[in-house]
Amino acid sequence: MRSVSMIDLQGEFELFGAEVRRAVDEVLAGQQFIGGPQVAELEARIAARLGAEHAVAVSNGTDALLCALMALDIGAGDEVAVPSFTFFATAGSVARVGARPVFVDIDPRTFNLDADKLEAAISPRTRAVMPVHLFGQCADMDAINAVARRHGMAVIEDAAQAIGATYRGRAACTLGDVACLSFYPTKNLGGFGEGGMIVTNDAERAAVCRQLRNHGESQRYHHDRVGGNFRLDTLKAAILLVKLRYLDEFNRRRRAHAALYDALLTDLPVTVPHRASFGEPVYHHYSILSDRRDELMAHLRACGVGCGVYYPVPLHLQKCFSDLGYAPGSLPITEQVCGRILSLPVHPMLQEADLRHVAACIGEFHGAGARRAQPAAAQRGA
Ligand SMILES: Cc1ncc(COP(=O)(O)O)c(C=O)c1O
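This report concerns the structure included in the present document. Just so it is clear, the structure is predicted and the values come from calculations on it, not from any experiment.

Looking now at the overall build of the protein. Along the protein, the regular secondary structure elements total twelve helices and 14 strands. The C-alpha radius of gyration computed for the protein amounts to 21 Å, which stays within 12% of the reference 21 Å derived for 382 residues, consistent with globular compactness. Seen through its C-alpha atoms, the protein measures out along the principal axes to roughly 70 × 55 × 35 Å. Relative to its full complement of 382 residues, the protein shows a buried share of 57%. Summed over all atoms, the accessible surface of the protein reaches about 16100 Å², with 50% contributed by carbon and sulfur. For the protein, the distance from the average position of its 39 positive side-chain charges to the average position of its 42 negative side-chain charges is 3 Å.

Have a look at this one:
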C-alpha cells in the first residue's frame, strides 16, 4: 500500500544534507556557539527578503511573540485581541505577560481573524491585536490595520506559519507594527531544533528586542529591563541559512500541490481551502472541511495517508483560560471549524502520485471510487 506522510524531513535532508554538514563544520571549527556572524547574516537575509528594516533572531516563535509583547510594554491590565482558532502560543504569550487575551471569531472561509468582528471585542484596555496568518494565508491586514489605527492599537503579526506569503504584493511580516516567525522543524522554513525571529521596521523596537533576548542587557552586566535568554544558537542559524536557500522552491512546490488538490477534490463533498484574492498563501497546511471529519481521518489513516487536525480545541475553551468566562457557543464559527477541519499532506517532497492517492482515498470514502481511475484532465473538465 502506498503511504503518504504529513512531513518528510528525511527526504528534504537528502537535498541539502551536504551543505548543512559544511555549515555545521564551519561553526565547529570556530567554536563560537552563541551569536556570531551566522546569526547576524540570518537576520540580515531574512529582513532583506521580506523587505523589512530589522530582524531579531530569537529562541523560538513563542518567545518571539513574548518578546514583541514585552517590547510594546503590554502587561497586567491590558487586553490583546487574538483569534481562538490558532496554535496555543498566540494567546499563551499574551497571558504570560500578564495581559488578557480577548478572543475574536474567524472568517469561515479563510479561518483568519474576522476584521468585522474585531471592533466589538475592543475595550479601552485593548492595546494590540494579534492576527495570525493561519496555514500560510495572510489575514485581511488592511481591514485589521484600519480598526487598529482607529483605536490606537498596535498590530502584532503572528506569521509563524507564513514566511513567504504575500498580501497585496507585500510580504507577511511587513504588514503590521511587529511580526513573529517560527522556525520549528516542520514550518515552511524549519530549523534543526527551535528557532524564531522578530521582524519590524521600527529601529527602537528592534533594539529593545535585542536587549530583551539577552536579559535586558544594554552593556555587559548592565540590565535596563528584565528580559530573558531568548537567543538563537549559532549552529541553528548556520543551518537556517542553508535552508533559506530552498524556501522559495519549497513554497512553490506547496502551492503547486495545493493547486492539484483543488482540482482533484473539486467534485467531492469536502470544502477545499479558500484562497483570498488579496494574496498568495504558502500552504503551511492544506486544510479541508468535512462534515464527517473523524470518519474521513480514520479512513485516510487506514489508506496509509497521514493527516492531522489543526486545531481540535479552540483556545477560548481551553481549561487554562476557563477564568476568562467563555462558554461553548461564544465563538460559533471557530467552534464549527474545529469540528470539521482536516489537514492533508502538502510538504515539498510529495510527488503527483502521492497527491492523487490522497484524493483517490477521499473519493473512495465518499463512494466515488470509479472517478479515481479517470485521468485528471477528464476530472477537471467534468
Ligand atoms: C500560529 C503559531 N504561532 C506561534 C507558534 C509558536 O512557534 P514555536 O513553536 O516556534 O514556539 C506556532 C508554531 O508552533 C504557530 O503555528
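Okay, back to it.
Turning our attention to the site of the ligand. Of all residues adjacent to the ligand, which total 15 residues, the nearest are Gly61, Thr62, Asp158, Ser182 and Lys187. Separating an oxygen atom of the ligand from a side-chain N or O atom of threonine 62 is a distance of 2.5 Å. One of the side-chain nitrogen or oxygen atoms of glutamine 161 is found 2.9 Å away from an oxygen atom of the ligand. Relative to its free-state accessible area of 380 Å², the ligand is covered by the protein chains to the extent of 94%. Elements represented by at least two residues in the shell around the ligand include exactly α3 (61–71) and α4 (89–96). With three residues, α3 is the single largest residue contributor to the shell around the ligand.

Bringing the pattern of salt bridges into the picture now. Evaluated as defined, the whole model comprises 23 salt bridges. A salt bridge links glutamate 12 to lysine 243; the shortest N-O distance between them is 3.6 Å. Here the residue glutamate 12 occupies a position in helix α1 (residues 9–30), and lysine 243 occupies one in helix α7 (residues 234–244), the gap between them amounting to 231 residues. Residues glutamate 12 and lysine 243 agree in their burial class; the two are buried. With a closest N to O distance of 2.6 Å, arginine 49 and aspartate 248 form a salt bridge.

Our next topic: the environment of aspartate 248. Position of aspartate 248 relative to the elements: it lies in helix α8 (residues 247–264). The sequence separation of aspartate 248 and proline 312 amounts to 64 residues, and the corresponding C-alpha distance is 30 Å.

Judged by side-chain polarity, Leu28, Phe33 and Ile34 come together as a nonpolar surface patch covering roughly 250 Å² of accessible area. With respect to the helices, strands and loops of the structure, phenylalanine 33 is situated in the loop between α1 and α2 (37–50).

Calculation rules
- All residue numbers here refer to positions counted from 1 along the written sequence of the relevant chain.
- Totals for whole chains, interfaces and linings use all residues, but because this is a predicted model, local features are given only for residues with pLDDT of at least 70 and pairs of side-chain atoms are given and counted only at 80 or more.
- Heavy atoms throughout the structure, all of them, feed into the side-chain values; hydrogens and water do not.
- Only DSSP runs of H or I with at least four residues qualify as helices, and only runs of E with at least two residues qualify as strands; both kinds are numbered from the N terminus onward.
- Radius of gyration here uses only the C-alpha atoms, and the compact-globule reference equals 2.2 Å multiplied by the residue count raised to the power 0.38.
- Note on classification: 1.4 Å probe, protein chains only; a residue is buried when its accessible area is under 20% of the maximum for its type, exposed when over 50%, partly exposed between these limits.
- Values of accessible area rely on a 1.4 Å probe in the Shrake-Rupley scheme; residue burial ignores everything except the protein chains shown.
- Here Asp and Glu are counted as negative and Lys and Arg as positive; His is not counted, and neither are the chain ends.
- In plain terms, the charge of a residue is placed at NZ if it is Lys, CZ if Arg, CG if Asp and CD if Glu.
- Near residues are defined by distance, with any heavy atom within 4 Å of the molecule or strand qualifying the residue.
- Two N or O atoms count as a polar contact when they lie within 3.5 Å, although within protein this holds only if one can serve as hydrogen donor and the other as acceptor, and sequence-adjacent residues are included solely when both atoms are side-chain atoms.
- We define a salt bridge as a contact between a side-chain nitrogen of Lys or Arg and a carboxyl oxygen of Asp or Glu at a distance within 4 Å.
- Each patch is built from residues that are more than 30% exposed by relative accessible area and take part in no salt bridge. Like charges join if they lie within 9 Å; nonpolar side chains (Val, Leu, Ile, Met, Phe, Trp, Tyr) join within 5 Å.

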